[in-house]
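Okay, here's what each chain looks like letter by letter:
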Amino acid sequence: MSFFDLFIRINRHIFWRSPVLYRPIGFLRQRSNYRLRGYDIWIGGFPRSGNTFAAKAMELLLSDHQRVVSQIHLPPPIIQALREKKPGLFLIRNPRDAAVSWAIFTGHRLDQCLQYYIDFHQVLKPYLDQLLVFDFKQVTRNFQKLAEQFNKTYGPLLAPQKITNTMPSVIFKAIDEQSRDKNGQISERHVSRPSTERMDISRSYLKEFRHSARLQRQLEKANRYYLLFRDASPCA
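If you're wondering where the values come from, they're calculated on a predicted model, not measured in any experiment. (Residues numbered from 1 in each chain as written. Predicted model: local features only at pLDDT ≥ 70, side-chain atom pairs only at ≥ 80, totals over all residues. Heavy atoms only, no water.)

Q: Explain the pairing of strand β2 (residues 68-72) here, please?
A: Consecutive side chains of a regular strand alternate in pointing toward one face of the sheet and then the other. Burial runs high along β2: four of the five residues are buried. In the sheet, strand β1 (residues 41-45) pairs with β2 via three bridges, with the strands oriented parallel. The residue of β2 that forms the bridge with I41 is V68. (Buried < 20%, exposed > 50% of the residue type's maximum accessible area, 1.4 Å probe, protein only. Helix = DSSP H or I, 4+ residues; strand = E, 2+ residues; numbered from the N terminus. Pairing = 2+ DSSP bridges.)

Take a look at the structure:
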């Protein structure tokens, strides 16, 4: 681990644990959603874990006056939301797929993405009993069950009866429209839906996993956190 990577890790474990301490850093680094304001429901989790899909689905099932804030990929605003006792979803994904997808999106090294995954979940572990946890596959394949459990936990905020067989395609179409640049093009590396191009790129990253004992050790540690959070899901 380089000195820079070690410095980043130390700072995460100091500042990520406190929403108040992190706010000046979030502001200076121009992080999105480093402080939550004017929201009714939150959706957070490690990047590339179904946040965008869940947010779009929520918007279809909620009343017009409720505001959903999503793409919360840092512990401090999640801790803030829990302290404010706001309804929310915490999304998880197996660390291999999450790290590969984030590496493709950002261009960061796999070991950096895995360490981010580990640090992220490690900081939030003490709050596990307060989180409504859902796995990536549950979000994208069975939102009906998620909506029912959300209502059971927080009250009748969602309308599961609005869910139809065509909802996933409606959501993916909305994601495509949201992802277009000024020329109308979509970056397949970044768009928050399944992508054949990303699948092709991911093969080289998976090969890197197989040939690196260090990455395999990191992945084992990350997977322990994944299983811990997954077992806390009401659908486990």
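Q: So what exactly am I meant to see when it comes to the nonpolar core here?
A: The nonpolar side chains of a soluble globular protein tend to be buried, and buried together. The biggest cluster of nonpolar side chains holds 44 residues, and the ones touching the most others in it are W42, I78 and F90. Elements with a minimum of two residues in this core: β2, α4 (75-83), β3 (88-92), α5 (95-106), α6 (110-124), α10 (196-210) and α11 (213-230). When residues in this core are grouped by element, the largest group, nine residues, is from α6. When sequence neighbours within four positions are dropped, the list of residues in contact with W42 reads V69, I72, I78, A81, L82, K86, P87, G88, L89, F90 and L131. (Core = buried A, V, L, I, M, F, W, Y, C linked by side-chain atoms within 4.5 Å. Contact = heavy atoms within 4.5 Å.)

Q: What am I meant to see in the sheet that holds β2 here?
A: Sheet strands associate in pairs through backbone hydrogen bonding, adopting either a parallel or an antiparallel arrangement. Ordered in space as β2-β1-β3-β4, the four strands form an open sheet in which the pairing is parallel. Lying at the two open borders of the sheet, with one neighbouring strand each, are β2 and β4 (133-135). Averaged over neighbouring strand pairs, the angle between their axes works out to 20 degrees when direction is ignored. Sheet topology note: the β3/β4 ladder contains three bridges and is parallel. For L91, the partnering residue across the bridge sits in β4 and is F134. Strands β1, β2 and β3 of the sheet are contacted by helix α3 (residues 51-61), whose axis makes an angle of about 165 degrees with β1. Where α11 meets the sheet, it contacts β3 and β4, and its direction lies at approximately 140 degrees from that of β3. (Axes fitted to C-alpha atoms, helices over the stretch in contact; angles between N-to-C directions.)

Q: Mind showing me how you'd approach helix α9 (residues 167-179) here?
A: In an α-helix, one turn spans 3.6 residues; hence positions three or four apart end up facing the same way. With 13 residues, α9 extends 18 Å from end C-alpha to end C-alpha; this agrees with the ideal 18 Å at 1.5 Å per step. Of all the positions in α9, only M167, I171, I175 and D176 are classed as buried. (Expected span 1.5 Å × (residues − 1).)

Q: Looking at this structure, how should I read the packing of aromatic side chains?
A: Centre distance and the angle of the planes are the two values used to describe a pair of aromatic rings. Applying the stated criterion to the full structure yields 11 aromatic pairs. Both rings, one in F46 and one in F120, keep their centres 6.2 Å apart while their planes meet at 75 degrees; by these two values the pair is edge-to-face. With a gap of 74 residues between them, F46 in the loop between β1 and α3 and F120 in helix α6 connect regions that are remote in the sequence. F120 matches F46 in its accessibility class, with the two residues each being buried. Between F90 and F120, the ring centres sit 6.0 Å apart and the planes meet at 10 degrees, which makes this aromatic pair stacked. One end of the pair, F90, is in strand β3; the other, F120, is in helix α6, and 30 residues separate them in sequence. For F90, a relative accessible area of 0% gives the class buried. (Phe/Tyr/Trp six-rings, centres within 6.5 Å; stacked < 30°, edge-to-face > 60°.)

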